[in-house]
Structures are given as structure tokens and as C-alpha cells.
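# Analysis of the macromolecular model
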Amino acid sequence: MDNKKMLCQIAGIQYEIEYKYSYLEKKFSEYIIDEDKKSDNVYQVSYTDEDFNRWTKEDLPSKDPGYIEFCCVMEKIATYLPNHGMLLMHGATIEYDGKAYIFTAPSGTGKSTHISLWKKFLGDKVSVINGDKPEVSFDEGKVYVHGAPWCGKEGWQINTSAPLAGVCVVEQAEANSIESIHPGENIELFMSQLYLTDEPDYLIKVVDLFKKMAEAVPFYKLKCDISEEAAKCSFEQLTGEDWENSKNED
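As the structure is a computational prediction, the values presented were derived from the model and not from experiment.

Moving on: the pairing of strand β5 (residues 92-96). Burial analysis of β5 places five of its five residues in the buried class, which makes it a mostly covered element. Of the two faces of β5, the one lined by A92, I94 and Y96 and the one lined by T93 and E95 are each fully buried. Examined bridge by bridge, β5 and strand β6 (residues 99-104) share five bridges and lie antiparallel to one another. Along β6, the bridge assignment pairs E95 with A100. Relative to strand β7 (residues 126-130), β5 runs antiparallel, the two being bridged by four bridges. Within the sheet, the bridge partner assigned to Y96 lies in β7 and is V126.

This part is about the nonpolar core. Soluble globular proteins tend to pack their nonpolar side chains together in the buried interior. In terms of nonpolar packing, the biggest core is built from 56 residues, with I17, F28 and M213 touching the most fellow members. With 10 residues, the top contributor of residues to this core is helix α3 (residues 65-80). The contact partners of M213, leaving out residues within four places of it in the chain, are L87, M89, I102, V136, F138, V143, L164, V167 and F219. In terms of nonpolar packing, the next biggest core, distinct from the first, is built from 25 residues, A92, I115, L122 and V126 among them.

On to helix α6 (residues 200-216). Relative to the 24 Å expected for 17 residues at 1.5 Å per residue, α6 spans 25 Å between its end C-alpha atoms, a close match to the ideal helical length. Within α6 the residues assigned to the buried category are Y202, V206, L209, F210 and M213. With its buried residues spanning 100° around the axis, α6 presents them on a single face. Residues of α6 that are exposed and point over 90 degrees away from its buried face: P200, D201 and E215.

Relative to the assigned elements, S137 resides in strand β8 (residues 135-139). With near-sequence residues (within four places) excluded, S137 lies in contact with G85, M86, K142, V143, Y144 and H146.

Okay, the sheet that holds strand β1 (residues 4-10) next. The mixed open sheet is built from three strands, whose spatial order is β1-β2-β3. At either margin of the open sheet sits one strand with a lone partner, and together these are β1 and β3 (42-45). In this sheet, neighbouring strand axes are inclined to one another by 25° on average, regardless of whether the strands run parallel or antiparallel. Where strand β2 (residues 13-19) meets β3, four bridges bridge the pair, whose relative direction is parallel.

Our focus in this paragraph is the packing of aromatic side chains. Enumeration over the complete set of coordinates arrives at 19 aromatic pairs. Taken together, a centroid distance of 5.9 Å and an interplanar angle of 80° make the contact between Y23 and F70 edge-to-face. With a gap of 47 residues between them, Y23 in helix α1 (residues 22-27) and F70 in helix α3 connect regions that are remote in the sequence. Taking 5.8 Å as the distance between ring centres and 70° as the angle between the ring planes, the aromatic pair formed by F103 and W118 counts as edge-to-face. Here the residue F103 occupies a position in strand β6, and W118 occupies one in helix α4 (residues 111-122), the gap between them amounting to 15 residues. With respect to burial, F103 and W118 carry one shared label: buried. Following the ring pairs from residue to residue traces out a cluster consisting of Y96, Y101, F103, W118, F121, F235 and W243. In this arrangement the basic side chain of K27 is found over the ring face of F70, its NZ or CZ atom lying 5.5 Å from the centre.

Attention shifts here to helix α7 (residues 228-239). The end-to-end C-alpha distance of α7, which contains 12 residues, comes to 16 Å, matching closely the 16 Å that a straight helix rising 1.5 Å per residue would cover. Inspection of α7 places A230, A231, C233, S234, F235, L238 and T239 among the buried residues, and these make up the whole buried set. A positive backbone phi angle near 80° is found at G240, which sits one or two residues after α7.

Okay, the packing of helix α2 (residues 49-56) against α3 next. Running from amino to carboxyl end, α2 crosses α3 at an angle of 115°, the nearest separation of the two axes being 9 Å. One way to sum up the angle between α2 and α3 is to call them roughly perpendicular. You can see that α2 and α3 cross each other, and the crossing is right-handed. Here D51, F52, R54, W55 and T56 of α2 lie close against α3, whose contacting residues are P65, I68, E69, C71, C72, M74, E75 and K76. By residue class, the composition of the contact of α2 with α3 is seven nonpolar, one polar and five charged.

Rules behind the numbers
- Once a new chain begins, its residue numbering starts again from 1 and follows that chain's sequence as written.
- Local features in this predicted model are restricted to residues whose pLDDT is 70 or higher, and side-chain atom pairs enter the listing and the counts only when it is 80 or higher, whereas totals over whole chains, interfaces and linings include all residues.
- The side-chain numbers reported here are obtained from all heavy atoms of the structure, hydrogens and water having been left aside.
- Only protein chains enter the area calculation, which uses a 1.4 Å probe; residues under 20% of their type maximum are buried, those over 50% are exposed, and those in between are partly exposed.
- Comment: elements are numbered from the N terminus, with helices defined as DSSP H or I runs of at least four residues and strands as E runs of at least two.
- Each pair of strands is called paired provided DSSP finds at least two bridges between the two strands.
- In this description, a nonpolar core means a group of buried Ala, Val, Leu, Ile, Met, Phe, Trp, Tyr and Cys residues linked to one another through side-chain atoms lying within 4.5 Å.
- Contacts: residue pairs with any heavy atoms within 4.5 Å of one another.
- Expected span, for any helix, means 1.5 Å times one less than how many residues it has.
- Arc, as used here, means the arc of the directions from the helix axis to the C-beta atoms.
- To get an axis, fit a line to the C-alpha atoms, keeping to the stretch in contact for a helix; angles then go from 0 to 180 degrees between the N-to-C directions.
- Aromatic pairing here means that ring centres of Phe, Tyr or Trp (its six-membered ring) are within 6.5 Å. Orientation follows from the plane angle: under 30 degrees is stacked, over 60 is edge-to-face, and everything else is tilted.
- Only when the NZ atom of a Lys or the CZ atom of an Arg is both within 6 Å of the ring centre and within 35 degrees of the ring normal do we say a charge sits over the ring.
- Geometric relationships in this document are graded by angle, where less than 35 degrees denotes roughly parallel, more than 145 denotes roughly antiparallel, 65 to 115 denotes roughly perpendicular, and other angles denote oblique.
- By convention, the crossing between two helices is left-handed when the near helix turns anticlockwise from the far helix through less than a right angle, and right-handed when the turn is clockwise.
- Residues were grouped as follows: Ala, Val, Leu, Ile, Met, Phe, Trp, Tyr, Cys and Pro as nonpolar; Asp, Glu, Lys and Arg as charged; and all remaining residues, including Gly, as polar.

Given below as C-alpha cells:
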């Protein structure tokens, strides 16, 4: 199969991606740009047969060649980001009133369920920037979250960005509560939610960027079930607004 190329822009960075399978075109459709918009600074993305074969041995939700290629490309971009002062973070990310909030936790904990509650009760006031792995950038002391193609099985993503106003660790519980936390108290969890490699220089960059994030943005731990009360609990703490007055009138 002949290789193809497409020009994409994600979070302000342009990539020229070499690929084979149409699955990648579908996943990157919101980020493809015309050649006449190509800048002088474009990161070239390609992968080797060794990369591809290594990913086939991973525990993936699909062994389709297109999906494996997608993982190869994600890896190349994710390892490039810290060199550009950015992170790839595992978390479901929503935007409300112009501000972004990341809900993070190990897979299967209920992040997607929780942001679905915000959508259910707040409607169009809430948008999902990314359902699985948003990109995080830093500018003049502020942190920003960006949509990206790696958005989870639901496919929730928007090619947009918003300033990050809070990070919330989600934990299943019978009673709903939320408290402020220091990221250092849960450093192992947070490190597991960042894209990491074994290269020492890369790890140092990621840790330094996460420290910047922790200094600029409040962190919380949310213990919750799947009720409206759970959404009310996180909403009022993160936004400072009243839940009943903010809900859709429908």
C-alpha cells in the first residue's frame, strides 16, 4: 500500500503526517488544513515497521491496522509535545462559560459518565473539548487545554481551546463529596495520567511542565456516584456558581 501525506494543525502546531490507512483521515478530519496554509515550521511525522509491530503487541481495543497506525502517530506526536512546552494528558475535558475543566482517573472510573451528567443537566452550556487525551499548553503563566484526535471510544472532541480552570480526580463512591488537594499527594496517579517514555530527558521535561500546571491551576478530588447530585457537587466547587440557577429550564 502506497503512503499518503496530510497536513494537520493541532493546538497551533502543524504536522505533515505520512500514513497508509483511511482511518487516520477520519480521526484527523477536524484538524486537516490546506497546503496553502502550510508554515515554514512543520513537524514531520512517520513511523517504522518496528513501531507498528510493537503496537500490535499492546492490549488495544482494536487490532485493525488503521487503529494501530493511529496509535503510532499519536506516540510520535505525544513524544514531540514536551519539546514544544506541551503535554498530552489522560482525562475527559469540558468547557463551561469559556473555561475548561479536566476530569482525570484510571480508565473505567467514570469520567465520561460524569461529564455526561454535566451535558444532561446543563445542555448546550457545556461542550466536550476532548473525551480522553487533550493537549495542554502554557502561555504567560496560564494553562490551556486543546482538542485533539485522540478522544476515546465516544469520539468526543472539538477543534478548539480554552483556559484550564481546574483538574478533578474522579473516584467512585456511595456519597458525593469534593475537596481541594495538592497534586503532590497523588503524584503517582497524576504521572500515570500523563504520556511518558523511559527517556530521562523526556521525563524531566514532563515533570517540569506538570509542576507548572500544578502551580497555576487548582486540583480537586471528587468522590461520586452517577446521580445529579454528583454533577451538582463538582459543578458548584469548580465553577463557584449555583447549580439550580445554572441548569437548563427544560
